[in-house]
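# Structural features, examined
Residues per chain, in single letters:
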Amino acid sequence: MFVATYDSQTGEWTEGTLQPYGPLPMSPAAQVLNYGQSIFEGLKAQRSYQGRVVLFRPEANAERMSAGAARMSMAAPSEELFVRAVEQTVRSNAGYVPPQGKGSLYIRPLLLGSGAILGVGPAPSFTFVVYASAVGAYFKGGQLTPIDLLVETRFHRAAPRGTGGTKCAGNYSPGLGALAAAKAEGYADVVYLDAKTDAYLEEVSSCNIFAVFGNTIRTPPLRGTILPGVTRRSVIELARKLGYEVEETPVSVDEALTADEIFTTGTAVVLSSVGSLTYKGHRHTFCEDNKPGSVSLRLYEALTGIQQERLDDPFGWVHPVEACEITNGAAA
Ligand SMILES: *Cc1c(COP(=O)(O)O)cnc(C)c1O
């Protein structure tokens, strides 16, 4: 893992070092343990069709961590430090990057208010950690099995002017109960509604959501309550390039139920077709024969094609970690 530290006295980050994966020493008075200054990121390194190990838009993750840090009164690593840390972590774990199509190396950057402080205030020092874990392919055989989602009517995820737009740790544990309850009933995940009117879709626990109406694709706008996904942003750009009309406008549940297709996006799932939405006890289905809709499938193929270097990358999104060879993934 990679570790760098920031001291508020000097106002500077250390260069950072790679060290064996293991515990982080911390005072019981560490800000993060008491008041929760913690933000994470998530990205993937994978072995491409060109035989390279590649990342996808890591600068976008750096930018998002930086925005989140500002919201949470934390010092953020620069884009240079962030990307270098991710690259070094990938390089030193290159043996764990699975063979092409067999999964990826999931990379988890963490920013922690690690310094000790008893009074409520920002940490006097911060720790930036990047660790990694090999993960299997999300969909066996690469197919897109549509997922069943439950529209959550008991809990909200985020409130206007709150922290919903930040990948801060505290946003996630409050949703674990809703997720577990939905899973126990056979749903893959929940869809949250907006806290103000309970009428509009926000997002899924850790994915953004889109609705397809003919040639128009709609997704809820970024107004601070939903997470600005890198995949969301990429799908919007890609869909426009493919000739779809993309609107970032509120989508009510009632409208969503009339959509031709619904899909979700995120680093882990990439793009997942939604087979059904259950709202107030009624199940509305979207997919026939448990097959993804044609627009979802087309976008999935286009995006993974770029990510895996199977198709051209007109946007310059692919970020190779090493120009030349990395030892083959024997350990995976
Ligand atoms: C991480 C995350 C997403 C997806 O973001 P990506 O950058 O596409 O991985 C969406 N919603 C929430 C709540 C998330 O935490």
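What comes next concerns the included structure. Each residue is numbered by its place in its chain's sequence as written, counting from 1. The predicted nature of this model means local features are confined to residues of pLDDT at least 70 and side-chain atom pairs, given and counted, to a pLDDT of 80 or more, with totals for whole chains, interfaces and linings taken over all residues. Values reported for side chains reflect all heavy atoms of the structure, with hydrogen atoms and water molecules removed beforehand.

Grouped together as the largest cluster of nonpolar side chains are 31 residues, with contacts concentrated most on Trp13, Leu111 and Phe128. Looking at this core, the elements that each hand over two or more residues are strand 1 (2-7), strand 5 (43-47), strand 6 (53-56), helix 2 (58-71), helix 3 (79-92), strand 7 (103-112) and strand 8 (125-136). The helix and strand labels rest on DSSP assignments: H or I over at least four residues marks a helix, E over at least two residues marks a strand, and numbering proceeds from the N terminus. Here the element with the most residues in this core is helix 3; it accounts for six residues. Here Trp13 is in contact with Ala4, Thr5, Tyr6, Ala75, Ala76, Pro77, Leu81, Leu111, Phe126, Thr127 and Phe128, once residues within four sequence places are set aside. In this text, buried Ala, Val, Leu, Ile, Met, Phe, Trp, Tyr and Cys residues form a nonpolar core when linked through side-chain atoms within 4.5 Å. Each residue's exposure class comes from its accessible area (1.4 Å probe, protein chains only) as a fraction of the maximum for that residue type: buried when under 20%, exposed when over 50%, partly exposed otherwise. Val54, Phe56, Val270 and Val295 belong to the second-largest nonpolar core, a separate cluster that totals 25 residues. Contacts are assigned to residue pairs that have any heavy atoms within 4.5 Å of one another.

Right, let's talk about the pattern of salt bridges for a bit. The salt bridge definition used is simple: a Lys or Arg side-chain nitrogen within 4 Å of an Asp or Glu carboxyl oxygen. A full pass over the atoms with the stated rule returns 12 salt bridges. A salt bridge links Asp148 to Arg283; the shortest N-O distance between them is 3.2 Å. With a gap of 135 residues between them, Asp148 in strand 9 (residues 147-151) and Arg283 in strand 17 (residues 282-285) connect regions that are remote in the sequence. Relative accessible area serves as the criterion here: at 24%, Asp148 is assigned to the partly exposed category. With its nearest N and O atoms 2.9 Å apart, the salt bridge here joins Arg157 to Glu203. You can see Arg157 sitting in the loop between strand 9 and helix 4 (176-184) and its partner Glu203 sitting in strand 11 (residues 201-204), a full 46 residues away along the chain. With relative accessibility at 15%, the residue Arg157 sits in the buried group.

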